[in-house]
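Residues per chain are reported as follows:
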Amino acid sequence: MLSSGMTCVADFFTYETTKSVVVKSWTIGVINRAVQLLIISYFVGWVFLHEKAYQIRDTSIESSVVTKVKGFGKYSNQVMDTADYVAPPQGTSVFVIITKLIVTENQVQGFCPENQSQYMCKSDRECKNPVPTTGGGILTGRCVEYNATFRTCQIQGWCPAEVDSVEVPVMLEAENFTIFIKNSIRFPLFNFEKGNLLPNVTTEEIRRCHFDPVKQPFCPILRLGDIVKFAGQNFTALASTGGIIGIKIGWVCDLDHSWEHCIPTYSFNRLDSVSEKSKVSRGYNFRYAKYYKQENGTEFRTLMKAYGIRIDVLVYGNAGKFNIIPTLINTVAAFTSVGVGTVLCDIILLNFLKGADQYKAKKFEEVSLSVMQTDTSSSPMYRSNQTLGGRCEEKQSTDSGAYSIGL
């Protein structure tokens, strides 16, 4: 046991040095060069040319978005403008264009029967709900007449209660509404600023243009119907149930080129595609109210359940510029990776080729310092010149390190 422990300690305190062995084999030579060629091609083609690893990149893009919607629609015999169908009205990067409204007029605070069928009752006992709230208000615990046919639980809240199951038309004119998007971005690392209103575009061109990914890819005015189409949706269906559409503006810039080459790209997709397939809560809707006062001071309101197309303008991007530090790091990594070919060839030589034993004998050698000192001290050259010489003991080993052998 002691001898084994000393052997382990002796094996730990050893030094390994490399030794070159030239193997004259077409098979292993072709494998070696092929692996090296693949590694060099990967670094040159993918790392340096495609990924531009010689650049330092700034991914912390700073962005501002201003939007403006234009167009007139007709709904419930009324002409609607942007103040009626756009919410919120501040022109932010997230806004809704209302396409359908369910209106409940003249609601006042008070007591009234619930109008949902699940709250039908015959006695007060059926209205003792453990969670005393409904879609229209707070349950009072009483069962009252809804009409001459049936009774429902009474609620306290805004009365009469909303009926949101009615079918109402869609404002189809919304398909031709236009959205003006003004986007400014900045990459702080390079102090680079730019906007999507390109300098060569005139005011007259902006008034007449409509975005098209092929014909007019830099026009900042987008037609709502085109946005829905580019997102792969049907406008009538989306306007009826509501939904969320994302307008993505991408800024991927190579600042080694001139300022003009940094241009935005637009893409579109539906962001709530999961809820589109849901049977519980499809689409997008919200409620808001307009409040009034009667002459006697009583407050009343008009409640509106709005279905609409919500637009989210999302800005992303990064910029790159040549820098010596990443260039050196990736160059060193490329040269280091070329050595992978040597490792692979060693595995093949030591385990799969016929001359594996011969290769092992030439590649691995173990030199004992005590034997080396004995041989050199007994040498005449050592005694006369006091310099290290002679032949060291050689034997096959499984450690590491130019012989020329042919397999």
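Residues numbered from 1 in each chain as written. Predicted model: local features only at pLDDT ≥ 70, side-chain atom pairs only at ≥ 80, totals over all residues. Heavy atoms only, no water.

1. Brief notes about the overall build of the protein chain
Secondary structure summary: the protein chain contains twelve helices and 18 strands in total. Burial analysis of the protein chain (407 residues in total) assigns 36% to the buried set. Taken as a whole, the protein chain presents about 25200 Å² of accessible surface, with 56% of it coming from carbon and sulfur. (Helix = DSSP H or I, 4+ residues; strand = E, 2+ residues; numbered from the N terminus. Buried < 20%, exposed > 50% of the residue type's maximum accessible area, 1.4 Å probe, protein only. Areas by Shrake-Rupley, 256 points an atom, 1.4 Å probe, with all protein chains shown as cover.)

2. Quick word on the pattern of salt bridges
Charged atoms that come close allow side chains of opposite charge to pair. For the structure shown, the criterion picks out nine salt bridges. A salt bridge links R270 to D272, with the shortest nitrogen-to-oxygen separation between them at 2.7 Å. For D272, a relative accessible area of 8% translates into the label buried. Residues R310 and D312 are paired through a salt bridge, measuring 3.0 Å at the closest nitrogen-oxygen approach. (Salt bridge = Lys/Arg side-chain N within 4 Å of Asp/Glu carboxyl O.)

3. Notes on a positive patch on the surface
Taken together, the side chains of K68, K70, K182 and R207 define a basic patch exposed on the protein surface. Relative to the elements of secondary structure, R207 occurs in helix α4 (residues 203–208). (Patch = residues over 30% accessible without salt bridge, like charges linked within 9 Å, V, L, I, M, F, W, Y side chains within 5 Å. Lys, Arg positive; Asp, Glu negative; His and termini not counted. Charge placed at Lys NZ, Arg CZ, Asp CG, Glu CD.)

4. Remarks on unusual backbone geometry
One can expect most non-glycine residues to show negative phi and most peptide bonds to be in trans. With omega at -10°, the peptide bond leading from A87 into P88 counts as cis. You can see P88 is positioned in the loop between β6 (86–87) and β7 (94–113). For the bond from C159 to P160, the omega torsion is 0°, close enough to zero to count as cis. Position of P160 among the secondary structure elements: in the loop between β10 (151–159) and β11 (178–187). Although it is not a glycine, K52 adopts a positive phi angle of roughly 50°. As for its position among the elements, K52 is in the loop between α2 (26–50) and β2 (55–58).

5. What to know about the environment of N106
Relative to the helices and strands, N106 is located in strand β7. As for N106 and E299, which are separated by 193 residues in sequence, their C-alpha atoms are 9.4 Å apart. Residue contacts for N106: discarding those within four places in its chain leaves C159, P160, F300, R301 and T302. (Contact = heavy atoms within 4.5 Å.)

6. What about the packing of α2 against helix α9 (residues 340–351)?
Where α2 contacts α9, the two axes come as close as 8 Å, and the packing angle between them is 150°. With respect to their mutual orientation, α2 and α9 come out roughly antiparallel. For α2 against α9, the interelement crossing comes out right-handed. Only V340, G341, T342, L344, C345, I348 and L349 of α9 make contact with α2, whose side of the interface consists of I28, I31, N32, V35 and I39. Here the residues of the contact of α2 with α9 sort into nine nonpolar, three polar and no charged. (Axes fitted to C-alpha atoms, helices over the stretch in contact; angles between N-to-C directions. Parallel < 35°, antiparallel > 145°, perpendicular 65-115°, else oblique. Left-handed = near helix turned anticlockwise from the far one by under 90°. Nonpolar A, V, L, I, M, F, W, Y, C, P; charged D, E, K, R; others polar.)

7. What about the packing of aromatic side chains?
The final tally for this structure, using the stated rule, is 13 aromatic pairs. Joined through ring pairs, the aromatic side chains of F211, F230, Y266 and F268 make up one cluster. Of note, K100 hangs over the ring of Y307, and the distance from its end group to the ring centre comes to 4.3 Å. The aromatic ring of W259 is capped on one face by K194, whose charged end is 4.1 Å from the ring centroid. (Phe/Tyr/Trp six-rings, centres within 6.5 Å; stacked < 30°, edge-to-face > 60°. Lys NZ or Arg CZ within 6 Å of the ring centre and 35° of its normal.)

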